[in-house]
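Observations on the model geometry
Letter by letter, the chains look like this.
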Amino acid sequence: MASKDEDNIDFNKLERELSAAVDADERYWRENDAKFRAVNQRVATYDEFRDMVLAAHIKPLEKGDKINDTFQQPWNIHASKAGTADTTEHTPIQQTATQLPSNGLEFVRDWRRSCKTNQDKYVFLLWIGAENLGRVFKAEISFGLLGDILTALMEFDTAKDTTTVTDILENLSKTNRFGLSVQFLSGSEKDTCKSLFLKLETAVNKGDQNLSERLHYLRTVYEVRS
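About the criteria used
Residues numbered from 1 in each chain as written. Predicted model: local features only at pLDDT ≥ 70, side-chain atom pairs only at ≥ 80, totals over all residues. Heavy atoms only, no water. pLDDT = per-residue confidence, 0-100. Contact = heavy atoms within 4.5 Å. Helix = DSSP H or I, 4+ residues; strand = E, 2+ residues; numbered from the N terminus. Expected span 1.5 Å × (residues − 1). Buried < 20%, exposed > 50% of the residue type's maximum accessible area, 1.4 Å probe, protein only. Arc of directions from axis to C-beta. Axes fitted to C-alpha atoms, helices over the stretch in contact; angles between N-to-C directions. Parallel < 35°, antiparallel > 145°, perpendicular 65-115°, else oblique. Left-handed = near helix turned anticlockwise from the far one by under 90°. Nonpolar A, V, L, I, M, F, W, Y, C, P; charged D, E, K, R; others polar. Patch = residues over 30% accessible without salt bridge, like charges linked within 9 Å, V, L, I, M, F, W, Y side chains within 5 Å. Areas by Shrake-Rupley, 256 points an atom, 1.4 Å probe, with all protein chains shown as cover. Salt bridge = Lys/Arg side-chain N within 4 Å of Asp/Glu carboxyl O.

Overview of the confidence of the model for the protein chain
Averaged over every residue, the pLDDT of the protein chain is 77; the share at 70 or more is 62%. Across residues 65–95, where pLDDT falls below 50, the model places 20 contacts with residues more than four positions away in sequence or in other chains.

Structure, rendered in structure tokens:
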């Protein structure tokens with residue numbers, strides 16, 4: 001005999017929630033693949049990089065698909081029908097960096113202007129790349145910024161990004177006065193740093209001795225205690 005709780009189960013709601021979860025998972029992997037395609041293609045600007053990621057959800061037309069003849073949305077949604085620019089809306093794409101930052105000041109400017117979420121920040125770090133980040137912060141990492149970077153790196157995909165994130169951590173550790181940046185991490189930022197290393201170490205392939213040794217060394221540099 002069915003219980004009262006079983007009688008009250010909303011199966012339609014469960015089906016909708018399952019469908020939404022599946023869609024979200026598929027979108028995540030499409031966007032993740034788009035990130036790596038953009039990195040591999042070495043796109044010239046962050047605009048191009050982020051546009052590729054944001055367009056990852058667009059599916060090609062299948063045979064037999066039809067375009068609604070009444071659809072009148074212009075390709076440039078910020079242009080009015082009269083041809084004048086619409087200044088009432090500003091998308092993140094309009095406000096993103098157009099070239100690689102050459103120093104810490106330019107990085108902070110673009111970081112604050114273009115990156116509204118930790119995922120945005122992580123994509124931005126990927127776009128710049130590990131070696132370029134080392135050059136950008138050659139003089140020093142601005143006070144308080146290292147903690148933000150570590151938090152953004154927590155967004156990494158354990159299946160693909162482990163080596164990339166390790167490269168970023170390694171290049172940052174070679175910047176001037178890095179030890180001082182570590183000392184200024186807050187308690188919560190130190191916890192984030194520890195969580196990041198645990199996530200990286202868990203994701204490392206057991207046969208990748210080199211990567212394991214690099215992480216072990218970086219643990220010391222970042223003053224991560226077991």
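Regarding helix α11 (residues 209–221)
Along an α-helix, a turn takes 3.6 residues, which lines up residues three or four apart on a common side. The terminal C-alpha atoms of α11, which comprises 13 residues, lie 19 Å apart, in line with the 18 Å expected from a rise of 1.5 Å per residue. Every buried residue belonging to α11 is among Leu211, Arg214, Leu215, Leu218 and Arg219, and all of these are buried. Seen along its axis, α11 keeps its buried residues to an arc of 145 degrees; they face one direction. The exposed residues of α11 that point more than 90 degrees off its buried face are His216, Tyr217 and Thr220.

A word on the packing of helix α4 (residues 104–114) against helix α5 (residues 118–128)
For the pair α4 and α5, the least separation of the axes is 10 Å and the interaxial angle reads 140 degrees. On the basis of the axis angle, α4 is oblique to α5. Between α4 and α5 lies a crossing whose hand is right-handed. For the pair formed by α4 and α5, the contact residues are Phe107, Asp110, Trp111 and Ser114 on the first element and Asp120, Lys121, Phe124, Leu125 and Ile128 on the second. Classifying every residue of the contact of α4 with α5 by side-chain character gives five nonpolar, one polar and three charged.

Focus: a nonpolar patch on the surface
Together, Phe143, Leu180 and Phe184 give the surface a local cluster of nonpolar side chains, amounting to about 370 Å² of exposed area. Tracing the chain through its elements places Leu180 in helix α9 (residues 178–183). A residue is classified by how much of its surface remains accessible, and Leu180, at 41% relative accessible area, is partly exposed.

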